[in-house]
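# Notes for the structure review
As a plain string of letters, each chain reads:
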Amino acid sequence: MMRRRRRRSSFYRRRRRNIVIYKRMFWVLLLPLSFLLNYFTKKNPDITERIFSCGIYKYYAIGLGFLTEKLPFSLMELGIVLAVPVFLISLVLWVRHLLYEWDRAGEVLLKSFWNVSAAISIIFFWLTLMCNVNYNRYTFAQISGLTIQPSSVDELYRLCLILADDAVQLREQLASEDEEGVFLLAEDSIRELSKTAKAGYQKLGEQYRQFDYAPIRIKPIFFSRQMSYTNLVGVYCPFTMEANINRESADYSVPSTICHELAHYYGFMREDEANFIGYLVCKNAGSLEYEYSGTMLALIHAGNQLAAADMERYKELWSHYSEDIITDLEKNSEYWEEFKDSKVIEVSKTVNDSYLKANHQADGIQSYGRMVDLLLAYYREGKETE
């Protein structure tokens, strides 16, 4: 009788163990499903735009963003800080469990394999559904009606001159500076800056239905200086629906960075589009500080492209910069010079480049330059008066 009970008990334990493994195997199926979903949405941008970007993703972003923005800290940053100790503790506990159950090491390893595989599959599916799919939506050029076409160096140079003149005029109207003459934001509160960005997005929402809901509040990173070692001035986290900003970056870049990261919240994941959207919002935020920041963002990107195409004209462009603008740019370069040899930056760039290429931005980091095509189309089609 005792032997029969033991056999029955052993049978039920194996059965429960097998059920657990089958459940993990089921979750692993989310990984191939993620690739199928990405392929389907890439081939059907209209469905992606209507069903996912302006449907499933939109309401998920509103709901989760409403909850996480109530927290006075960045949940993403907390997760990163806790990731290492949690991983190490989990590893120690797993090794201890493996040694304790050494007679069943094979079963423990198999169960661990399926647990890890299931976790990776769930996370990847979540990332695909709430972020990567948005790479397959209509481009902002299609949504806005802007026509992207090849442009001459002459057109690019004229665009740079317009942006430089705008930047000079705006900078002259901004009196807030430090003792070295570097631009400072008059309003230092990220919460207040977020309100200005919200006003800009509300105006953009009057033109495009993709922006017809309120943005989340931006969150400053507590370890901003450490973040500088990754060469990042802002980061958007789709897992927590948080837009985070490096508060150590130059003040003139803060408003445009805020608007850039919020563009990701609206489902525009391409970096070049987020830059252009950030520029548009800054122009319409009703703030000289925002307008200056957006203009500087556009000028820097357009200027970089001009330098690559015609260095002599780029040098000539600099003669149109005021001393104040040059001071702002030099101070910013001076700050980042400290981190240029960081190994973390190299790893960060490699990871970021690989991620962009994996999401159909074939030029990788170079795709940031395509913002200039949108700027040229915007000015060419009379969206902005000279």
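Not measured: the values here are computed from a predicted model.

The number of helices and strands found in the protein is 16 helices and three strands. Across the 386 residues in the protein, those meeting the buried criterion constitute 47%. Pairs at least 24 apart in sequence give 77% of the contacts found in the protein among residues at least 6 apart. Carbon together with sulfur atoms contributes 59% to the accessible area of the protein, which is approximately 20,800 Å² in total.

Pairing is mixed across the open sheet formed by three strands, whose spatial order is S1-S3-S2. Strands with a single pairing partner mark the edges of an open sheet, and in this sheet they are strand S1 (219-220) and strand S2 (234-237). Direction of pairing for S1 relative to strand S3 (residues 242-245): parallel, over a ladder of two bridges. When the bridges of S3 are listed, Lys-219 appears paired with Asn-244.

Let's shift gears to the pairing of S3. Successive side chains on a regular strand alternate, one facing one side of the sheet and the next facing the other. Residues of S3 alternate between two faces, with Glu-242 and Asn-244 on one and Ala-243 and Ile-245 on the opposite face, all of them buried. Remark: four residues form the turn of the hairpin made by S2 and S3, two consecutive strands paired antiparallel; Met-241 in that turn has positive phi of roughly 55°.

Turning next to the packing of helix H12 (residues 288-309) against helix H16 (residues 371-380). Their axes nearest at 9 Å, the elements H12 and H16 cross at an angle of 110°. By the angle class used here, H12 and H16 are roughly perpendicular. Of H16, the residues touching H12 (which contributes Leu-297, Ala-298, His-301, Ala-302 and Gln-305) are Met-371, Val-372 and Leu-375. Split by residue class, the contact of H12 with H16 holds six nonpolar, two polar and no charged.

Our focus in this paragraph is the packing of aromatic side chains. Applying the stated criterion across every chain, the model contains 27 aromatic pairs. The structure contains a cluster of three or more aromatic residues connected by ring pairs, namely Phe-140, Tyr-201, Tyr-208, Phe-211, Tyr-213, Tyr-265, Tyr-266, Phe-268, Phe-276, Tyr-279, Tyr-378 and Tyr-379. The ring of Phe-268 has Arg-137 sitting right over it, with the charged end atom 4.1 Å from the ring centre.

This part takes up helix H14 (residues 323-337). With 15 residues, H14 extends 21 Å from end C-alpha to end C-alpha; this agrees with the ideal 21 Å at 1.5 Å per step. Among all positions of H14, only Ile-325, Ile-326, Asp-328, Leu-329, Asn-332, Tyr-335 and Trp-336 are buried. Those residues of H14 hidden inside the fold are in contact with helix H7 (153-172), helix H9 (224-228), H12 and helix H13 (311-318).

Turning next to the pattern of salt bridges. Applying the stated rule across the entire model yields 17 salt bridges. In this structure, Asp-328 and Arg-171 form a salt bridge, with 2.8 Å as the shortest nitrogen-oxygen distance. A residue pair is termed long-range when its members are at least 10 positions apart, and Asp-328 in helix H14 and Arg-171 in helix H7 qualify at 157 residues. For Arg-171, a relative accessible area of 1% translates into the label buried. One network of salt bridges, with partners in common, ties together Asp-154, Asp-310 and Arg-313.

On to the nonpolar core, then. Ranked by size, the top nonpolar core spans 84 residues in total, and within it Tyr-201, Phe-276 and Tyr-279 carry the most contacts. When near neighbours in sequence (up to four residues on either side) are disregarded, Tyr-279 contacts Leu-163, Gly-294, Thr-295, Leu-297, Ala-298, Met-371, Leu-375, Tyr-378 and Tyr-379.

This next bit is on helix H4 (residues 75-100). Side chains three or four residues apart in an α-helix point the same way, a direct result of the helix having 3.6 residues per turn. Taking 1.5 Å as the rise per residue, H4 with 26 residues should run 38 Å; its terminal C-alpha atoms sit 35 Å apart, in good agreement. Maximum bend of H4: about 40°, positioned at Ala-83, with proline Pro-85 one to four residues after it. In this fold, the buried residues of H4 make contact with helix H5 (105-130), S2 and S3.

Together, Phe-73, Leu-75, Leu-78, Val-81, Leu-82, Val-86, Phe-222 and Phe-223 make up an exposed nonpolar region whose accessible area comes to about 720 Å². Residue class for Phe-73 comes out partly exposed when judged on its relative accessible area of 38%.

Take the pairing of S2 next. Pairing between S2 and S3: four bridges, direction antiparallel. Bridging from a neighbouring strand, Tyr-236 pairs with Ala-243 of S3.

Turning to the environment of Lys-58, a few remarks are in order. Mapping Lys-58 onto the fold places it in helix H3 (residues 45-68). Along the primary structure Lys-58 and Tyr-213 are separated by 155 residues, whereas in three dimensions their C-alpha atoms are 8.8 Å apart. Residues within four places of Lys-58 in sequence aside, it is in contact with Phe-52, Ser-53, Asp-212 and Tyr-213.

Turning to unusual backbone geometry, a few remarks are in order. The backbone of Asn-231 shows a phi angle near 65°, a positive value even though the residue is not glycine. Among the structural elements, Asn-231 can be located in the loop between H9 and S2. The backbone of Met-241 sits at a positive phi, close to 55°, despite the residue not being glycine. In this structure, Met-241 sits in the loop between S2 and S3. Overall, the relative accessible area of 1% leaves Met-241 in the buried class.

The next point concerns the confidence of the model for the protein. Looking at the protein as a whole, its pLDDT mean stands at 87, while 85% of the residues score no less than 70. In the model, residues 4-8 has pLDDT below 50 throughout and makes zero contacts with residues more than four positions away in sequence or in other chains. Segment residues 363-368 is flagged for pLDDT under 50; beyond a separation of four residues in sequence, or across chains, it makes 17 contacts in the model.

What counts and how
Residues numbered from 1 in each chain as written. Predicted model: local features only at pLDDT ≥ 70, side-chain atom pairs only at ≥ 80, totals over all residues. Heavy atoms only, no water. Helix = DSSP H or I, 4+ residues; strand = E, 2+ residues; numbered from the N terminus. Buried < 20%, exposed > 50% of the residue type's maximum accessible area, 1.4 Å probe, protein only. Contact = heavy atoms within 4.5 Å. Areas by Shrake-Rupley, 256 points an atom, 1.4 Å probe, with all protein chains shown as cover. Pairing = 2+ DSSP bridges. Axes fitted to C-alpha atoms, helices over the stretch in contact; angles between N-to-C directions. Parallel < 35°, antiparallel > 145°, perpendicular 65-115°, else oblique. Nonpolar A, V, L, I, M, F, W, Y, C, P; charged D, E, K, R; others polar. Phe/Tyr/Trp six-rings, centres within 6.5 Å; stacked < 30°, edge-to-face > 60°. Lys NZ or Arg CZ within 6 Å of the ring centre and 35° of its normal. Expected span 1.5 Å × (residues − 1). Salt bridge = Lys/Arg side-chain N within 4 Å of Asp/Glu carboxyl O. Core = buried A, V, L, I, M, F, W, Y, C linked by side-chain atoms within 4.5 Å. Bend = angle between axes of the 7 residues up to and from the residue. Patch = residues over 30% accessible without salt bridge, like charges linked within 9 Å, V, L, I, M, F, W, Y side chains within 5 Å. pLDDT = per-residue confidence, 0-100.

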